[in-house]
Each structure stands twice: as structure tokens, then as C-alpha cells.
Amino acid sequence: MQFHMNGFRAGDPEVVPSVVAAGTPAGLPDTVDVLIVGCGPAGLVLAAQLAAFPEITTRIVERKPGPLELGQADGVACRTVEMFDAFGLSDRLLREGYWVNETVFWGPDETDRARIVRTGRIQDVEDDLSEFPHLIVNQARIHAHLLDKMRKSARRLVPDYGLEVTGVQVRDGEYPVLVTLARAGTGSGTDLVRVRARYVVGCDGARSRVREAIGQRLAGDSANQAWGVMDVLAVTDFPDIRFKAAIKSTGGNVLIIPREGGYLVRCYIELDELAPGERVGSRGITLDSLIETARRIIHPYTIDVREVAWWSVYEIGQRLTARFDDAAAGSDREPRIFIAGDACHTHSPKAGQGMNVSMQDAFNLGWKLAAVLRGRSGPELLRTYSDERQAVARDLIAFDREWARMLGAPPKDPADPPGDGVEPEEFRRRFAASGRYTAGLATRYRPSMITGAATGQHLATGLPVGMRFHSAPVVRLADGRPMQLGHVAEADGRWRIYVFSDSSGVQRGSRAARALEYLADDRRSPIARCTPSEADIDAVVDVRVVICADHREIGLETLPALALPRKGALGLIDYEKAFCVDPSPGRDIYALRGIDRAAGCLVVVRPDQYVANVLPLDEVDKLDAFLSGFLLPAGHEVSMGRT
Ligand SMILES: Cc1cc2nc3c(=O)[nH]c(=O)nc-3n(C[C@H](O)[C@H](O)[C@H](O)COP(=O)(O)OP(=O)(O)OC[C@H]3O[C@@H](n4cnc5c(N)ncnc54)[C@H](O)[C@@H]3O)c2cc1C
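Residues numbered from 1 in each chain as written. Predicted model: local features only at pLDDT ≥ 70, side-chain atom pairs only at ≥ 80, totals over all residues. Heavy atoms only, no water.

(A) Local environment of the overall build of the protein chain. Of regular secondary structure, the protein chain possesses 15 helices and 29 strands. Taken over the C-alpha trace, the protein chain has a radius of gyration of 26 Å; the compact-globule value for 643 residues is 26 Å, and the two agree within 12%. Oriented by its inertia axes, the alpha-carbon framework of the protein chain measures out at about 75 × 65 × 50 Å. When contacts within the protein chain are restricted to residue pairs at least 6 apart in sequence, long-range pairs at least 24 apart make up 72% of them. (Helix = DSSP H or I, 4+ residues; strand = E, 2+ residues; numbered from the N terminus. Rg over C-alpha atoms; globule rule 2.2 N^0.38 Å. Contact = heavy atoms within 4.5 Å.)

Encoded structure:
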């Protein structure tokens, strides 16, 4: 963590110097750059991302009177922990979360089908899928960490609670979106507040008002699946109570998820399918009936519930909207209103994707909004949000249908006709095969203005273009610190270029040195062209160097200037740009990520950590052409009238 760049700073380094003028009135201003609707995981990730930019005015409104305190989702996929690392929040999750190490499977005992026995066990996350584990952390804690990040940001952003959005319309002008809000509970007739925004993002959940305002509807299955979920402190003789356990018995199906803090356990109990339009509330399902169902399913084991921390019954359909923004297909009007998370896709909680995919939607959109508002990219960039995330959600719905069908199917009875029920071994195998997907690591964006065509993929076969940058160990050259290369990527809206040297390193005249010299050159370099003259050289594109050598063999003084840039108010040297191969067994980044030692390469990574391009070291002209496709020349932000 670096924090003395502009002069010595004492105190909590997480608290960024504020740009909010003393005496700024609380409450919503008349105009904002971005208005976010809803303080769920999607809205809070977006708010935490945008709050980092001093020049952007963001507000987030929530109809509830205060933050979520307990309940709802709890599965935190590896990809989400990676994203939290970019916000500087992964340590907290790792410390307080339950680590899902193994998943166990239980099914009917073949000798007495009224009893259950363990039928299998798998490692939950395959080796080297991510440097982070799969965690269980309550949604309320996820919210709390993001709220803390917002509060400590340059904008000191806090939500405006108790305000319900009742209408959203696009008009003309600099702030074209008019939003009307009512004090929650007063009904839509009493519009108390009007705000004009450049952009509005509806993160307002499955019954989204913003979605309705842009004429989108959730389409999909007409029937909903009812779910019972309870967080309990219980005494049981079921031996796998501290493992994630998928139990299929003749009495029904239950998913057991051990929770953070020890002792606590969540049980997901699949209930009946509801008729079209039917709400689960009308079934009168009670807590006692949920406990009774759980008891029946885990027979012959017993469970004595001593305390119920939270329980809920809710209905979920597999549904999706056609677009995630208000730009009509085929129209050239740029989008002004977006929707994210449950507002545009809903699915069962079984694969633990709801909260995770919602946050990834917001992470995808946040840097794009920031880039456009700061004049670094044109508004056409915003179209890529719906294109990319709608495709992800479509895949998710298809996956969830199949997943829910498999988890919900009864265990196969030898007397069943072929095709009925699921064999335990088949169940275990398909569960394992889906691990990459449920870890959030199967997303691959298609070629677009921000994702290259992968012509140089052979140079880094383990860093697929369109997929998230898969971190690997390195040693920092300046101080010999072993670390993960991916952890240099903060949620700061910057693009990154990793210059992987070939085996000749970065000595003068080497291919890597020539690439770095070109990038530093203030006449030709795409970086210099896109970086405002008063800003640090890495303000828009952050170049990092990985040298194919042991750090003890490389002198810091041999580094090209771009790897030791002078920055900040005092012109201090940034020593954290250059890395070497970790010589410990099994930690060589070139071997782990399939990087060609003889050729090296340039790996371009988006602000949301997805690989955008892989190029040969000497094809800097192609790099220039690629970056020019979405990065505007410096000075554009001034012509937009922004500061
Ligand atoms: C009761 C409930 C229980 C759930 N249980 C589980 C579970 O056990 N496991 C699981 O995996 N997933 C569960 N989910 C789903 C999971 O919580 C969601 O997938 C996830 O929260 C989606 O995040 P989001 O930010 O898109 O939306 P939400 O988390 O739904 O957040 C939307 C927010 O917008 C606010 N809002 C809505 N309309 C307005 C408006 N007009 N103006 C202002 N604010 C508004 C809402 O109050 C809410 O805070 C549950 C969801 C609910 C609602």
C-alpha cells in the first residue's frame, strides 16, 4: 500500500484525503453525475468504485431506513474475493469468512433408503484456480465493508436512506435524467425530491422501478421456485455439519452451508414450485415446518435447533431482461440509464451466484462510467456494458436451470426407470465440473472495442484474452517482496500493461527495454498522448514490468525510466513497478501462465481486471491502435468542461 506520494501522511492510510468542501449540506443536491438506486451488493460496489474519483459526484439512495443487518446471500466466489482485493477489502473477508475447502455429498443408503450415507467428497476449488478461496460471509457484512470503503473515499460517500425512487425520465440537457423520489412509506403520490443526473443506475433488485421506467421486463419461467432458508445454531450428530454438504434423501433436498464465526449453519431447503403469479407468502410456511423438513431429510441424524438467527422463505424465477440499459437496439443514442444485478437477472440461490454476479455487473459498469465522465473515453464505451453483462447473465440462467434441475432431482432408486433421478456419482462429477463456473471464473468477454482478437494469445496461453487476469506469484525487484502480481490492480479505473520481458531481461537494447522506451516517449507513446500533462505518467495507463530473471541478478539502476517513474507533488520515485520471477518451486509466473520466455509479451488488462489483449513485445504499433480505439487523447476532459 502506497500513501506518502504527495507528502508525509499520518493516521489511517485507508482514509483518503477528502475533496468535500467543509459545510457542504447533507442530502441530495439538485444535480449529480451518477445517481445509484438501491443499496444492495450491486449498488454498493458501484458506489465504492465511483466514490474513489474526486471529480465525479455520485449519490446512492435506498428506500430502507438503514443498512441491511442480517440475512440474504452469503456465498462469496473466488472471483468476488479477487475483486474485493482491488478495493483493499480482501483481508477482512479472509479473516472473518468461512472457507469452503471441500464439499461433501450425501444420498440414500442403498441397504435402507430411509437413511442417508456420505456418497462423495470433492475439493471445492481446484488447485491454482485463484489465489483466493471460496468464502461464506453474510451479505450484511459485505455491505458493511463497501460502506466503509465509501465513507473513507475522497468523496466521503454515504447513502441517502429512506428515499424511494418513484419515477425516472430522460429529457434533454447536460443532466438529462430526471429522477423523482418520495420519502419511503409515503407512497408514490408524494414526490418530495427531484434530482437531475447525467446517468442513473438501477441496482434496485428484482422488482426494479428503474427497469420498469426503461421499458424492460424480466422474461423467463412463469412459475417460481419457493425456497426456505434458515441460519441456525444447533446441536446435531450429523458428522459433516462443518462442511458444505449437498444432501439428497428420499425426504427431500437440503444444502448445508457452514457459516462464518463457527457454530452457525445455513440450511437451504427446496420447497414446492409455485403456480404462475403465486407468492410464497400465501403458502403460510412456518419456521417450524422448515425445521421439521430439515429433520426429515437428514434422518437418521438428528438436529436440535437452539437458536434461529434469521430465516426466510422466498420465491425465485429464472428471468432475464433483453437489455441492461435504455439504449434501444439499433439506435445511436448513447445509454443514460442502466440496470444491474437482480434488476436484470434472477435465478436460484443454489449456485450462490446472485450476489456475486450482481457485484460483477457493477464492477464492469463502474470504471466505464468513470472513464466517460472524466473524459478519458467516449460515451460509446458505455454500450459495452449491456453487451458484455447481458451475455454473462444469459449463460448464468442456462447454467442455473441445469444446476437447479440436478440439485432438485430425487436420488436415483435402482427401481427407477432409466432417466429418472440422479446417481450420486453423476451428481458429484457434475458438481466438480461446474467448479470454475461457480467460482465466477468462467466469464469470457467477446472481442469488442475493449477486448482484442487474441492474435498474440500463443505468447501467454494461461492469460486468455477476455477472461480475468489470473494472478501468479512474483518477487518485487526493489525490495525482494514475494507477492501476487494481480494484487497491484486496484479499483482505480486505470488500464494496465504488463510488459513481460523475454529471457534477455530489460537491459539496454532488449525487446522489453525498447517497448518501455517507446511507451515512455512523449512524442509517439499512446500513454503520453492519453495522459493529461499535469498528471502522473501512470494516471491513465499503469505500466508494470516483469523480468524473466531472479531479482538478485538484476540491478535496479538498469531499469528503463518508465519502470522507475517520478510522481506526485514531490517528484518521488515509484519503486513498485518492476517484478521478477519467484524462484521457489512451482511459483514461476512464466511457467504458470504459459508465457513465452523466448519472446516475452505485452498483456493489456482492463480496469476491471479482465485481459484485453496479448501482443508481441515489438508490435507497439498494434498496442497503439488498440488503445486508441477507446482512450481519448489528453485534453478532452478539459473540452468537456470537467475539472
Ligand atoms: C429476502 C431475500 C432473501 C434472499 N436470500 C438469499 C439467499 O439466501 N441466498 C442467496 O444466494 N441469495 C439470496 N437472495 C438474493 C440475493 O440477496 C440477491 O441476488 C442480491 O442481493 C442481488 O443484489 P442486488 O444489489 O442486485 O439487489 P438487492 O440486494 O435486492 O438490492 C436492491 C436494493 O434496492 C432497494 N430498492 C428497491 N427499490 C427501490 C426504490 N424504488 N428506491 C430505492 N431503493 C430501492 C432495495 O430496498 C434493496 O436494498 C435473497 C434476496 C432477498 C430479497
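(B) The sheet that holds strand S23 (residues 495-500), seen in detail. Strands sit in the order S22-S21-S27-S24-S23-S28-S29 across an open sheet of 7 strands; the sheet is mixed. The sheet is open, and its two edges are formed by strand S22 (482-484) and strand S29 (611-615), each paired on a single side. Sheet twist, expressed as the average angle between the axes of neighbouring strands with direction ignored, equals 30°. Packing of helix H14 (residues 620-628) onto the sheet brings it into contact with S23, strand S28 (601-605) and S29, and relative to S28 it is tilted by some 10°. (Pairing = 2+ DSSP bridges. Axes fitted to C-alpha atoms, helices over the stretch in contact; angles between N-to-C directions.)

(C) Geometry of the packing of aromatic side chains. As enumerated under the stated definition, the model contains 14 aromatic pairs in all. When the centroid spacing of 5.6 Å and the interplanar angle of 90° are considered together, the rings of tryptophan 106 and tyrosine 301 count as edge-to-face. Remark: tyrosine 301 occurs in the loop between helix H6 (287-297) and strand S17 (303-316) and tryptophan 106 occurs in strand S5 (residues 102-109); sequence separation between them is 195 residues. Aromatic side chains phenylalanine 238 and tyrosine 301 sit 5.6 Å apart centroid to centroid with 70° between the ring planes, which places their arrangement in the edge-to-face category. With phenylalanine 238 in the loop between strand S13 (225-236) and strand S14 (244-249) and tyrosine 301 in the loop between H6 and S17, the pair connects residues that are 63 residues apart, well separated along the chain. For phenylalanine 238, a relative accessible area of 2% corresponds to the buried category. (Phe/Tyr/Trp six-rings, centres within 6.5 Å; stacked < 30°, edge-to-face > 60°. Buried < 20%, exposed > 50% of the residue type's maximum accessible area, 1.4 Å probe, protein only.)

(D) Spatial organisation of the site of the ligand. With respect to spatial proximity, 29 residues lie near the ligand, and among them Ala42, Glu62, Gln139, Tyr268 and Asp342 are the closest. One of the side-chain nitrogen or oxygen atoms of arginine 266 is found 3.1 Å away from an oxygen atom of the ligand. Here the ligand, which alone exposes 970 Å², has 87% of that area covered by the protein. Mapped onto the shell around the ligand, the elements with two or more residues apiece are helix H1 (41-50), strand S9 (163-170), strand S16 (264-273) and helix H7 (354-373). Two domains share the shell around the ligand, each providing at least three of its residues, namely domain 1 (31-71 + 136-218 + 320-398) and domain 2 (98-134 + 221-317 + 399-438). (Near = heavy atom within 4 Å. Polar contact = N/O pair within 3.5 Å; in protein donor to acceptor, adjacent residues only side chain to side chain. Areas by Shrake-Rupley, 256 points an atom, 1.4 Å probe, with all protein chains shown as cover. Domains from an automatic or database assignment.)

(E) Structural detail: the pattern of salt bridges. What the rule picks out here adds up to 53 salt bridges. Linking arginine 374 and glutamate 55 is a salt bridge whose minimum nitrogen-to-oxygen distance equals 2.9 Å. Pair noted here: arginine 374 is in the loop between H7 and helix H8 (383-408) and glutamate 55 is in the loop between H1 and strand S2 (58-62), with a separation of 319 residues, a long-range link. According to the relative accessible area criterion, arginine 374 is buried, its value standing at 14%. The salt bridge involving arginine 266 is made with aspartate 74; its shortest N-O contact spans 3.4 Å. Linking arginine 266 in strand S16 with aspartate 74 in the loop between S2 and strand S3 (75-76), this pair joins segments that are 192 residues apart in sequence. There is no split in this pair, since arginine 266 and aspartate 74 are both buried. (Salt bridge = Lys/Arg side-chain N within 4 Å of Asp/Glu carboxyl O.)

(F) Highlighting the environment of valine 229. Residue placement: valine 229 occurs in strand S13. Here valine 229 is in contact with Arg266, Cys267, Tyr268, Leu290, Trp310, Trp311, Ser312 and Tyr314, once residues within four sequence places are set aside.

(G) Geometry of unusual backbone geometry. Of note, the bond from histidine 299 into proline 300 is cis; its omega dihedral lies within 30 degrees of zero at 15°. Within the secondary structure, proline 300 sits in the loop between H6 and S17. The residue aspartate 128 is not glycine, and still its phi comes out positive at about 55°. Among the secondary structure elements, aspartate 128 is positioned in the loop between strand S6 (112-123) and strand S7 (135-136). Classification of aspartate 128 by relative accessible area gives partly exposed; the value is 41%.

(H) Local environment of the packing of H1 against H7. At a minimum axis distance of 8 Å, the contact between H1 and H7 shows a crossing angle of 30°. One way to sum up the angle between H1 and H7 is to call them roughly parallel. The handedness of the crossing between H1 and H7 is right-handed. Counting all contacts with H1, which are made through Pro41, Ala42, Val45, Leu46, Gln49 and Leu50, the residues of H7 involved are Met355, Ser358, Met359, Ala362, Phe363, Leu365, Gly366, Trp367, Leu369 and Ala370. Split into classes, the residues belonging to the contact of H1 with H7 amount to 13 nonpolar, 3 polar and no charged. (Parallel < 35°, antiparallel > 145°, perpendicular 65-115°, else oblique. Left-handed = near helix turned anticlockwise from the far one by under 90°. Nonpolar A, V, L, I, M, F, W, Y, C, P; charged D, E, K, R; others polar.)

(I) Representation of helix H11 (residues 511-520). Taken as a whole, H11 has its buried residues at Ala512, Ala513, Ala515, Leu516, Tyr518 and Leu519. Where the residues of H11 are buried, they touch S23, helix H12 (526-530), strand S24 (541-547), S28 and H14.

(J) The arrangement of the sheet that holds S17 in detail. Taken in spatial order, the 7 strands make up an open sheet running S6-S5-S14-S15-S16-S13-S17, and their pairing is mixed. The open sheet terminates on both sides in strands that have one partner only, identified here as S6 and S17. Pairwise comparison of adjacent strand axes, ignoring direction, gives a mean angle of 20° for this sheet. Relative to S16, strand S15 (residues 252-258) is paired through 5 bridges, and the arrangement is antiparallel. Looking at S16, one finds that proline 258 is bridged to valine 265. Across the sheet, H6 is in contact with S6, S13, S14, S15, S16 and S17; its angle to S17 comes to roughly 105°. Running over the sheet, helix H9 (residues 424-433) touches S5, S6 and S14 and is turned about 30° from S6.

(K) Structural context of the state of the cysteines. With the rule as written, the count across this model stands at 0 disulfides. Cysteine cysteine 601 remains unbridged, with the sulfur of cysteine 548 as its closest cysteine sulfur at 11 Å. (Disulfide = S-S within 2.5 Å.)

(L) Seen up close, the side chain of serine 525. Within the secondary structure, serine 525 sits in the loop between H11 and H12. Judged by its relative accessible area of 1%, serine 525 falls in the buried class. A distance of 2.4 Å separates a polar side-chain atom of serine 525 from the backbone oxygen of leucine 519. Sequence-distant contacts of serine 525, that is, excluding residues within four places in its chain, are made with Tyr518, Leu519 and Ala520.

(M) How the structure looks around the domain arrangement of the protein chain. The assigned domain composition of the protein chain is domain 1 (31-71 + 136-218 + 320-398), domain 2 (98-134 + 221-317 + 399-438) and domain 3 (457-628). Once you take the C-alpha centre of each, domain 1 and domain 3 turn out to be 33 Å apart. Facing the 10 residues of domain 1 at the interface are 12 residues of domain 3. Summing both partners gives a buried area of about 860 Å² for domain 1 against domain 3, and 55% of it is carried by carbon and sulfur. It is Phe363, Trp367 and Arg376 that lose the most area in domain 1 upon contact with domain 3, and together they represent 63% of the buried surface on that side. When the shortest N-O distance is used, the salt bridge between arginine 606 and glutamate 388 registers 2.8 Å. Element by element, the count of residues in the side of domain 1 that touches domain 3 is highest for H7, at 5 residues. (Buried area = accessible area lost by both parts, 1.4 Å probe.)

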